[in-house]
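The chain contents come next:
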Amino acid sequence: MGIFSLMTGMAGPSGFGSASTAEQVTDGIDATNLTVIVTGGASGIGLETVRVLALRKAHVIIAARNVEAANEAKQLILKDQENAQIDVLKLDLCSIKSVRAFADSFKALNLPLNILINNAGIMFCPYQLSEDGIEIQFATNHLGHFLLTNLLLDKMKETTESTGIEGRIVNLSSIAHQHTYSEGIRFENLNDEKSYSDKKAYGQSKLANILHANELSRRLEGEGANITVNSVHPGLIMTNLFKYSAVLFKLLKLVTPLIWKNVPQGAATTCYVALHPKLKGVSGKYYQDCNEWQPSKFATDENLAKKLWDFSNKLAN
């Protein structure tokens, strides 16, 4: 599988490929009684993920910075699906305080938690620090999700123990994880403005998403927890994620129209990994076009993953 399968939409071993949509890969799956959190579920592939999971009868919580936009998204879905179960909670991933407040708000609802989809992200941003003094792409794409996952883990374990249903965590990474700084993760100079590259900082944060998934997967397996953790590359989709580089990507899309996906195709791999029964017990893997894929050498480095875990723990606490 490679560029040919991407351009032709040819199905891989899973029976699905780059042309498959989120509805197709979840066809016939009943998600009744499952509660799912989707970060960044108010727009783009996050919104499509919410729509399709609600269509499969899951109870979906949209975790979004812009609550107004999230409520509009909810109403949009309810127009077509009157019985959809969707709630909205505020979450600003680049704020540690907000992540903690979200976790408290969710726990106060006294709901189970079966699936966590760490979908939200920002991309190619000009240099900026978060309110906690951390480079903004790393803070939003990785650290916020790292802390959120840790804060919700006990709730997920409780749910799996009381229901017997496997819990699943899905981290949205990107093929961009291959384009990072020379050391992979810049532990020593994460916030260095002089050597900052918006593209490499994005790649670094997406590499961190895979390393986080792999390390958490190893830890949960060691505990014997009934929870899987995988990471996915959704594909190239023109969404508002590209706001800082819209002109560049519009030009790229003109030149390479065949490798781009629409939003329903872009949400397919997330929905496949989150819901498909074929993936029961599968953990610590990276998926692209609904098929397992080999990520970069950095992404499979266990020592780097452990170092990132400790580093992130220090930053988030």
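Counting of residues starts from 1 at the beginning of each chain's written sequence and follows it residue by residue. Restriction of local features to residues with pLDDT of at least 70 applies here, the model being predicted, together with a cutoff of 80 or more for giving and counting side-chain atom pairs; totals for whole chains, interfaces and linings are based on all residues. Excluded from the side-chain calculation are hydrogens and water; included are all heavy atoms of the structure.

The name given to the protein in an unreviewed UniProt entry is Short-chain dehydrogenase TIC 32, chloroplastic, with Heracleum sosnowskyi as the source organism.

(A) Looking closely at helix α4 (residues 67-80). Numbering of helices and strands runs from the N terminus; a helix is a DSSP stretch of H or I covering at least four residues, while a strand is a stretch of E covering at least two. Working rule for helices: expected span equals 1.5 Å times residues minus one. With 14 residues, α4 should cover 20 Å at 1.5 Å per step; its first-to-last C-alpha distance of 21 Å lies within 8% of that length. Relative accessibility decides the category of a residue: with a 1.4 Å probe and only protein chains considered, values under 20% of the type maximum give buried, values over 50% give exposed, and everything between is partly exposed. Those residues of α4 that fall on the buried side of the exposure criterion are Ala70, Ala73, Lys74 and Ile77. Buried residues of α4, viewed axially, fall in a sector of 100°; they line one side. Pointing more than 90 degrees away from the buried face of α4 are the exposed residues Glu68, Glu72, Leu76 and Lys79. Where α4 is buried, its residues contact α3 (44-55), β2 (59-64) and β3 (85-90). Here α4 starts with a cap whose side-chain oxygen sits 3.2 Å from the backbone nitrogen of Glu68, and that cap is Asn66. Note that the arc is computed from the directions linking the helix axis to the C-beta atoms. We call two residues in contact when some of their heavy atoms are within 4.5 Å. Whenever a nitrogen or oxygen atom comes within 3.5 Å of another N or O atom, the pair is scored as a polar contact, on the condition that within protein one atom can donate a hydrogen and the other can accept it, and that pairs from neighbouring residues in sequence are kept only if both atoms are in side chains.

(B) Looking closely at unusual backbone geometry. The phi angle at Asp289 is positive, at roughly 50°, despite the residue not being glycine. Along the chain, the position of Asp289 falls in the loop between β9 (286-288) and β10 (291-293). In the Ramachandran plot, Cys290 falls in the positive-phi region, its phi being about 65° despite a non-glycine side chain. Counting through the fold element by element, Cys290 comes out in the loop between β9 and β10.

(C) Inspection of the pattern of salt bridges at higher detail. Within this document, salt bridges are pairs made up of a side-chain nitrogen of Lys or Arg and a carboxyl oxygen of Asp or Glu, the two lying within 4 Å of each other. Scanning the entire structure with this criterion turns up 12 salt bridges. Ionic pairing is found between Glu215 and Arg218, a salt bridge with its closest N-O pair at 3.1 Å. Of this pair, Glu215 and Arg218 both sit in helix α7 (residues 198-223), three residues apart, which is roughly one turn of the helix. With a relative accessible area of 4%, Glu215 lands in the buried category. On the basis of relative accessibility, which here comes to 29%, the residue Arg218 falls in the partly exposed class. Taken together, the salt bridges that share partners define one network made up of Glu215, Arg218, Arg219, Glu302 and Lys306.

(D) Main features of the state of the cysteines. Disulfides are defined as cysteine sulfur pairs within 2.5 Å. Under the defined criterion, the tally for this structure stands at zero disulfides. Cysteine Cys125 remains unbridged, with the sulfur of Cys94 as its closest cysteine sulfur at 9.7 Å. Under the relative-accessibility criterion, Cys125 is labelled buried at 4%.

(E) Representation of the packing of helix α6 (residues 136-163) against α7. Geometry is summarised by axes, namely lines fitted to C-alpha atoms with helices restricted to the contacting stretch, and by angles between N-to-C directions that run from 0 to 180 degrees. With their axes 8 Å apart at the nearest point, α6 and α7 run at an angle of 20° to one another. As summarised for this structure, α6 and α7 are arranged roughly parallel, according to the angle between their axes. Here α6 runs over α7; the crossing is right-handed. Of the residues in α7, those in contact with Gln137, Phe138, Asn141, His142, His145, Phe146, Thr149, Leu153 and Lys157 of α6 are Asp198, Ala201, Tyr202, Gln204, Ser205, Lys206, Ala208, Asn209, His212, Leu216, Leu220 and Glu223. For the contact of α6 with α7, a count of residues per class yields eight nonpolar, nine polar and four charged. Angles below 35 degrees are treated as roughly parallel, those above 145 as roughly antiparallel, those between 65 and 115 as roughly perpendicular, and all remaining angles as oblique. Helix crossings are classified by the rotation of the near helix relative to the far one: an anticlockwise turn of less than a right angle makes the crossing left-handed, while a clockwise turn makes it right-handed. Residue polarity is assigned by list, with Asp, Glu, Lys and Arg as charged and Ala, Val, Leu, Ile, Met, Phe, Trp, Tyr, Cys and Pro as nonpolar; anything else, Gly included, falls into the polar class.

(F) Up close: the nonpolar core. Joining through side-chain atoms within 4.5 Å is the link that ties buried Ala, Val, Leu, Ile, Met, Phe, Trp, Tyr and Cys residues into a set, and such a set is a nonpolar core. Counting 50 residues, the largest nonpolar core has Ile37, Phe102, Phe106, Leu152 and Ile185 as its most contacted members. For this core, the secondary structure elements donating two or more residues are β2, α5 (96-108), α6, α7, β6 (227-233) and α11 (302-316). Counting residues per element, this core draws most heavily on α6, at 10 residues. Excluding its chain neighbours within four sequence positions, the residues that come into contact with Phe102 are Ile37, Ile61, Ala63, Leu89, Lys90, Leu91, Leu148 and Leu152.

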